[in-house]
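Now for the letters of each chain:
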Amino acid sequence: MAVITEIKDLKRIYERRVPRMFYDYAESGSWTEQTFRENTSDFDQLRLRQRVAVDMTGRSTASQMIGQDVAMPVALAPVGLTGMQCADGEIKAARAAEEFGVPFTLSTMSICSIEAVAEKTSKPFWFQLYTMKDQDYVRRLIERAKAAKCSALVITLDLQILGQRHKDLKNGLSAPPKLTAKTIANLMTKWTWGLQMLGTKNREFGNIVGHVDGISDASSLGSWTAEQFDPALDWAKIAKIKEMWGGKVILKGILDAEDAKMALKVGADAIIVSNHGGRQLDGAMSSIKMLPSILDAVGDQIEVHLDSGIRSGQDVLKALAMGAKGTYIGRAFVYGLGAMGQKGVTTALEVIHKELDISMALCGKRSVSDLDRSVLLVPEGFGGRWA
C-alpha cells in the first residue's frame, strides 16, 4: 500500500486505475483550460503568517455550514458521473462523508440515484439540481429529493448552456462507455475497475433513466440531456424552485458581486462562489480571486462558501481566512474514490483535515472560527484591477 501524504498521491493512483475518458472528464476544463489552471495556481499567491509562542492545545476544526454541524467546513461537491469513477461511487463517497462528519452533495447527473444513495446512508445528504426545460421532471426530481429527506437543495446556476470540454468530445464520453476500439484497448488495462463495474447494477444516470419517457439507452439519454438544460433560467424561476423546495437552498455558480446581491434578494441560505471548476466560462476569474469582492457586496447577510481549486487543507484555510464560511472539494475526493473507493475518499478527507489542523496551529489559531485575514499575506491587487 502506497504511503499517502497529499492529494497528489491519490491522483497518481487514480490515473492508473480509472478509464481514460473518466479521468479526463474530471481532470479537464473548458476551451484553453485557463480558468481550470488558475483556480489552483491563484491559491499559491496567498501566503501564511507563521506565529509562535501561542498555546496550540485543544484545537478544533468543527464548524457549521447552513446550520449543520460539520467536522470541518468542507463539503463534498456535486460531481456528475461519480459512479463511473468507481462502482457505486456516489454511495461510497456519501458513506465516507457521513462517517467523517461532512456534507455530501449528490449531483442530478449521478450514476447512483437519489433513492440508491438514501438506502445506503443513515443521515441526510444534500441534493444538487440542474434546472431542465421539462418542468414536470424538475418537480418530480425535487419531490424525490424531499422523500429521501435531503436536507438542502443546491441549485447550480452556471450550466444553462454546456461549456465545451475538448477531451470529452474526443473521448466520446458516455455512461456506460461506448465500446470503440480505442475504449476497449484502454479498458483492457483497467481490469480491476471493470470487474467492480460488472458487480453493480448502477451503470447509467440513475436520476434520469426510468424517470423520463423515451429514454432507453445512452444515445437517447445523451440527446435528451443536451437539449434539456434551461437557457431561460432567471431569478424568477429560481425563486419558484426555492418555494417548491421549501427548505434550505444553496445557490452554486456565483462569480460576480451583482449576482451575489440577487441571490440575497431571492432569500437563499448560502451561495457558492464557483466557476464550475473551470468547466464552463474559460477566461473567467478564479473563485478565490472573486471571493473578496463578493464578500464586500453581501457582507454577513448570507453565508458565503467557496468551490473550485481546493486541493489541500491549506487551500481550505486560505479560503476561510479570506472570509468563506464553507468550502467544497470535487476533484480531490474523486481522486481518492477512483484510487481506493470509499477508503480513498476517507483518506482524502483525512489528508485535508490534517493539513488544515496543523497549518491553523502554526498560524497561531486554535479554531477555524478564529481564522481571518490576520493569518494571510495577500499580494496587492490580488483581486485584480480591471478596466
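We now turn to the structure provided with this report. Just so it is clear, the structure is predicted and the values come from calculations on it, not from any experiment.

Counted under the stated rule, the structure contains 14 salt bridges. Glu-15 is the partner of Arg-20 in a salt bridge, and the nearest nitrogen-oxygen pair spans 3.0 Å. Judged by its relative accessible area of 35%, Arg-20 falls in the partly exposed class. Taken together, the shared-partner salt bridges connect Glu-15, Arg-20 and Asp-24 into one network.

An order of E4-E11-E10-E9-E8-E7-E6-E5 is seen for the eight strands of this open sheet, with the pairing classed as parallel. The open sheet has two free edges, formed respectively by strand E4 (74-76) and strand E5 (105-106), since each of these has just one partner strand. In this structure, strand E9 (residues 270-273) lies alongside strand E10 (residues 303-306), joined through four bridges in parallel fashion. The partner of Ile-271 across the bridge, within E10, is Val-304.

This brings us to unusual backbone geometry. That bond from Ala-175 to Pro-176 is cis: its omega, -5 degrees, falls within 30 degrees of zero. Looking at the element boundaries, Pro-176 is found in the loop between helix H8 (166-171) and helix H9 (181-187). Positive phi values are uncommon outside glycine, yet Trp-31 reaches one of about 50 degrees. Relative to the elements of secondary structure, Trp-31 occurs in the loop between helix H2 (20-26) and helix H3 (34-41). One non-glycine residue with positive phi stands out, namely Ile-66, at about 45 degrees. Structurally, the position occupied by Ile-66 is in the loop between strand E2 (63-65) and strand E3 (68-70). With a relative accessible area of 9%, Ile-66 lands in the buried category.

Between two packed helices, both the angle of their axes relative to each other and the distance between the axes serve to describe the pair. Between helix H15 (residues 313-322) and helix H16 (residues 331-362), the least distance of the axes is 7 Å, while the angle of their chain directions is 55 degrees. In this view, H15 runs oblique relative to H16, as classed from their interaxial angle. With respect to the hand of their crossing, H15 and H16 are arranged in right-handed fashion. In this structure, H15 uses Gly-313, Gln-314, Val-316 and Leu-317 to contact H16, whose residues at the interface are Ile-352, Glu-355, Leu-356, Ser-359 and Met-360.

On to the side chain of Arg-144. When you line up the elements, Arg-144 lands in helix H7 (residues 135-147). At 3.1 Å, the side chain of Arg-144 forms a polar contact with the backbone oxygen of Asn-207. In this structure, Arg-144 is in contact with Ser-113, Ile-114, Glu-115, Gly-206, Asn-207 and His-211, ignoring residues within four places of it in sequence.

Inspection of every chain in the model, using the stated rule, returns seven aromatic pairs. Taking the centre distance of 6.4 Å and the plane angle of 65 degrees together, the rings of Phe-104 and Phe-125 count as edge-to-face. Note that Phe-104 is positioned in the loop between helix H5 (89-100) and E5 and Phe-125 in the loop between helix H6 (114-120) and strand E6 (126-129), a separation of 21 residues in sequence. On the accessibility criterion, Phe-125 (4% relative accessible area) is buried. These aromatic residues form a ring-pair network of at least three members: Tyr-14, Tyr-23 and Tyr-335. A cation over a ring is seen here: Arg-279 above Tyr-25, with NZ or CZ 4.5 Å from the ring centre.

Calculation rules
- Residues numbered from 1 in each chain as written.
- Predicted model: local features only at pLDDT ≥ 70, side-chain atom pairs only at ≥ 80, totals over all residues.
- Heavy atoms only, no water.
- Salt bridge = Lys/Arg side-chain N within 4 Å of Asp/Glu carboxyl O.
- Buried < 20%, exposed > 50% of the residue type's maximum accessible area, 1.4 Å probe, protein only.
- Pairing = 2+ DSSP bridges.
- Helix = DSSP H or I, 4+ residues; strand = E, 2+ residues; numbered from the N terminus.
- Axes fitted to C-alpha atoms, helices over the stretch in contact; angles between N-to-C directions.
- Parallel < 35°, antiparallel > 145°, perpendicular 65-115°, else oblique.
- Left-handed = near helix turned anticlockwise from the far one by under 90°.
- Contact = heavy atoms within 4.5 Å.
- Polar contact = N/O pair within 3.5 Å; in protein donor to acceptor, adjacent residues only side chain to side chain.
- Phe/Tyr/Trp six-rings, centres within 6.5 Å; stacked < 30°, edge-to-face > 60°.
- Lys NZ or Arg CZ within 6 Å of the ring centre and 35° of its normal.

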